[in-house]
Amino acid sequence: MSPTATQLRRRRGSIYFIVLVSTLLVMGMALAGIDSARGHGREADARIEAARAHWLARASLEHAFGVLNTGSSWRATAQALNGQLTDATLDRASVRVVAVDPIDGDLTDNIAEPVVLTSTVALGDAVRMLQVTANPRYTPVGCLLSTLHSHANITFTSSTVEGDGLAFAGGAASASLASVKIRVLAVGAVSGGSYQRGLLADADARSMPANNLFATYAAGARVITFNSIPGGRLELAVLSPGLNPYGTASTNGVYLIDTRGATLIIRNARIAATLVVIGNVRLEDSVSFQPPGAALPSLLVAGTLEIRTSSTSLSESTLARNFNPANAPFAGVSDTDQLDTYPSELRGLFYASGTTTLDGSVRIIGLLIATANLEVRQSASFTYDPAYAANPPAGFRERLLFEPERGSWAQTVR
């Protein structure tokens, strides 16, 4: 049957679909026309119909990907129609596309589940069924493309900064008595020197995390009361999914601390968790920091962030502490002795909404993102981790796109 006006309105790109189908039909007719010219009669006609049905099936699936990538409004409608996305007649051909959730059959319960698309085209005696799996992928917010990012200004003061990746300033970038061995991009001006890896001013702005970032992680976090941390200092301690020295452990490794206006100091400690802090944070001395798992940030600060760490390794013998007990292994290894050392480095994604300052011998393997001004003093080394852009954490996602799964295209002929 012909598509209704309501069905046509569901796809803003209907014109694209018609043009694409027309083009593919012309191609199919041209190819099949060669056979017809050879005088094969009814056999040639059948080949023409089969070729046209094949190209229509392919075009209808291309159109279906366009529908999937316009948002999620299609889901409720398709679910109510038993998965139907398209049901139309075009140039004597009946075209029907159906979407199925292969996980649980429900298209509306989880927008990040894959979808199997099946197109059935009937033209004369020819019927072609073409199927493909559409896999979802989140695109990252723009700031995840930088190893060092400020939505405002970046200042390099009397410092030596090196690393791969990119330092990006949403405002201006400036350097005073600094050696900057990392590429620098800025929306505003770039001034001072010396920049040894290249620089670019007047760059396009990049998107930042969602406004509900802290609420998103707080909803699933285990609360650590600030008063339970002696002197407001998280030190000589290990925090992980299996170990919380201040209360009950969090199975997902996400913890929430509200400092009530004070500053949380983290020093001489090992953290293998996502730490969400409402308040100011200062990192000092030797700190080994990493996220509890893939696609999770390490530290989210709703306040100012000062990083004054040392390059001196975190030493169990020096501090008379065991930093890899049974419920908090390091690199899969745990023990009961006090003989191990751990690199003083910050791994993962670190974000602060307030002013951020690096002052010490800082080593970051991952990303440091600030909404406010960011200043680098003394020595800092950065190694970019592309995993966060490839699989962005919640709150750092821009949009959801569906792409064909490699090797999933399959054709059935009836």
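Our subject is the structure listed above.
Let me begin by describing the structure that accompanies this report.

Let's shift gears to the side chain of Asp101. Tracing the sequence through the fold places Asp101 in the loop between strand 2 (93-100) and strand 3 (115-123). Comment: no salt bridge for buried Asp101; closest opposite-charge side chain is Arg75, at 5.6 Å. Looking at Asp101, its side chain comes within polar contact range of the main-chain nitrogen of Ile103, at 2.8 Å. In this structure Asp101 touches Asp106, Leu107, Asp109, Glu113 and Pro114, once residues within four positions along its chain are discounted.

So, on to the environment of Ala210. Along the chain, Ala210 falls in the loop between strand 10 (199-200) and helix 5 (213-218). On a C-alpha basis, the gap between Ala210 and Phe396 in space is 6.5 Å, while along the polypeptide they are 186 residues apart.

A regular strand places its side chains on the two faces of the sheet in alternate fashion. Taking burial as the measure, the nine residues of strand 3 include seven buried ones, the bulk of the element. In this sheet, strand 3 lies alongside strand 2 in antiparallel orientation, the contact comprising seven bridges. Paired with Ser94 across the bridge in strand 3 is Ala122. In terms of strand pairing, strand 3 meets strand 4 (residues 126-140) through nine bridges, oriented antiparallel. Note on strand 4: the bridge partner recorded for Thr120 is Met129. As consecutive antiparallel partners, strand 3 and strand 4 are separated by two residues, and within that stretch Gly124 has a phi angle of approximately 60 degrees, a positive value.

Considering all chains together, one arrives at 13 salt bridges under this definition. Glu284 is the salt-bridge partner of Arg267, the closest N and O atoms lying 3.7 Å from each other. In this pair, Arg267 is assigned in strand 14 (residues 254-272) and Glu284 in strand 15 (residues 274-290), connecting sequence segments 17 residues apart. Comparing Arg267 with Glu284, the two get one shared label, buried. Between Arg347 and Glu345 there is a salt bridge, and its shortest N-O distance comes to 2.8 Å. Residue class for Arg347 comes out partly exposed when judged on its relative accessible area of 38%. With relative accessibility at 12%, the residue Glu345 sits in the buried group. One salt-bridge network, in which partners are shared between bridges, spans Glu235, Arg267, Arg282, Glu284, Asp285, Glu306 and Arg308.

Rules behind the numbers
Residues numbered from 1 in each chain as written. Predicted model: local features only at pLDDT ≥ 70, side-chain atom pairs only at ≥ 80, totals over all residues. Heavy atoms only, no water. Helix = DSSP H or I, 4+ residues; strand = E, 2+ residues; numbered from the N terminus. Buried < 20%, exposed > 50% of the residue type's maximum accessible area, 1.4 Å probe, protein only. Lys, Arg positive; Asp, Glu negative; His and termini not counted. Salt bridge = Lys/Arg side-chain N within 4 Å of Asp/Glu carboxyl O. Polar contact = N/O pair within 3.5 Å; in protein donor to acceptor, adjacent residues only side chain to side chain. Contact = heavy atoms within 4.5 Å. Pairing = 2+ DSSP bridges.

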